[in-house]
Every structure is written in structure tokens, then in C-alpha cells.
Amino acid sequence: MSATEIREAMLALTRRLRRQRPRHYLTPSQLQILGDIERSGGASAPVDLAALQGVRIQSLTNNLNALETEGLVTRSPDPDDRRRLIIRITDDGTELVAADREQRDLWLAGAMNSELTQLERDVLHLAAPILWKLARRPESGDSLDFPPRSEEL
């Protein structure tokens, strides 16, 4: 199987899993932020969240404001550095993330049990750590920079 086939299959499964999310008012970006905070132990600095998502801090502002308005996160000064903010997930935020994960996990487990043989399920279990290894590979900076559309003309 080529790298293209693996990439396309993983993207297709990712899109399918996103469609299994419970219906709620949050955007995928907001759910990603909540999940990142929860996985980091329940608290994170905006700069760390931006690095995890590969975006600038300014890009998080609207989503963090919305999450705070909904009572899913709180912001407070870092006790060690008053210039820094710490974003904490609330109990409601933790419950929402857990429900989101549970629904997607139930769908995936059901699909695996009904569509795959035991051998195929075993292969996927063996592949999971390998996929994590690839996902954790440091950024290489090898991405292509495309010129703005106006320069293409």
C-alpha cells in the first residue's frame, strides 16, 4: 500500500468519525481545543494550545472566548508568571469531551466488530502504536508554500 493510499484511508476514517459526533453547538476547532486541554491534564497555556494545533495564538481567541462563554473553560493568570494565562477545562467541558469520545468509540467498536475479521481487528491493534509514532514525528518544515492566488495569474 502506498503512502497516498494510507493517507486517504486515514482521512476518510477521520471524516467518518467526525460525523459520529453527538449533535451539539461546538465547532470541530472548539472540540479540538477542549480535547487538547483535557489531554494535557486539564490546563494549558494558549501558546501551548496554538503549538499543538499549528496555529497562531490570535487564531484561538474567538474559540476560547466562545468556550469560556459556554462555561466549558476558564482563564486565570499563571501563578508562576502573572503575564501568562492558563486555560482550564471545567467539569462541563470534561463531560462534553467524554460524551463526544464515547459516542465515536462506540461507533468505531461496532463498525470494527461487524465489518472486520478477528485478524483484521488484530492488525489494527498492532498498527495503532505505529500510527502514533508517525503522528508524533517532529515537524520537518518540508511543507510547500503556495503563492497567493493573485500571484498565480
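Residues numbered from 1 in each chain as written. Predicted model: local features only at pLDDT ≥ 70, side-chain atom pairs only at ≥ 80, totals over all residues. Heavy atoms only, no water.

(A) Main features of the overall build of the protein chain. Across its full length, the protein chain holds seven helices and three strands. Considering only C-alpha atoms, the protein chain reaches an extent of 55 × 50 × 30 Å along its principal axes. Expressed as a percentage of the 153 residues in the protein chain, the buried residues total 24%. Sequence separation of at least 24 residues holds for 53% of the intrachain contacts in the protein chain that already meet a minimum separation of 6. Looking at the protein chain as shown, the accessible area adds up to about 11,500 Å², and 54% of this sits on carbon and sulfur atoms. Averaged over its 21 positive side-chain charges, the protein chain has a centre that lies 2 Å from the centre of its 24 negative ones. (Helix = DSSP H or I, 4+ residues; strand = E, 2+ residues; numbered from the N terminus. Buried < 20%, exposed > 50% of the residue type's maximum accessible area, 1.4 Å probe, protein only. Contact = heavy atoms within 4.5 Å. Areas by Shrake-Rupley, 256 points an atom, 1.4 Å probe, with all protein chains shown as cover. Lys, Arg positive; Asp, Glu negative; His and termini not counted. Charge placed at Lys NZ, Arg CZ, Asp CG, Glu CD.)

(B) Representation of the pattern of salt bridges within the structure. Counted by the stated rule, this structure contains eight salt bridges. Note that Arg21 is salt-bridged to Asp100, the shortest N-O span being 2.9 Å. Separated by 79 residues along the polypeptide, Arg21 in the loop between helix H1 (3-19) and helix H2 (28-39) and Asp100 in helix H5 (residues 91-115) bring together distant segments of the chain. Using a relative accessible area of 18% as the deciding quantity, one classes Arg21 as buried. A relative accessible area of 3% means that Asp100 is categorised as buried. In this structure, Arg39 engages Asp36 in a salt bridge whose closest nitrogen and oxygen atoms are separated by 2.7 Å. Taken together, the residues Arg39 and Asp36, both in helix H2 and three residues apart, mark about one turn of the helix. Exposure remark for Arg39: the relative accessible area of 51% places this residue in the exposed category. (Salt bridge = Lys/Arg side-chain N within 4 Å of Asp/Glu carboxyl O.)

(C) Fine view of helix H3 (residues 46-53). Within the span of H3, buried status applies to Pro46, Leu49 and Ala50. Burial along H3 is one-sided: seen end-on, the buried residues are contained in an arc of 100°. Facing away from the buried side of H3, by more than 90 degrees, are the exposed residues Ala51 and Leu52. Here the buried face of H3 lies against H2, strand E1 (43-44), helix H4 (57-69) and strand E3 (81-89). Looking one or two places after H3, you find Gly54, whose phi comes out positive at around 70°. (Arc of directions from axis to C-beta.)

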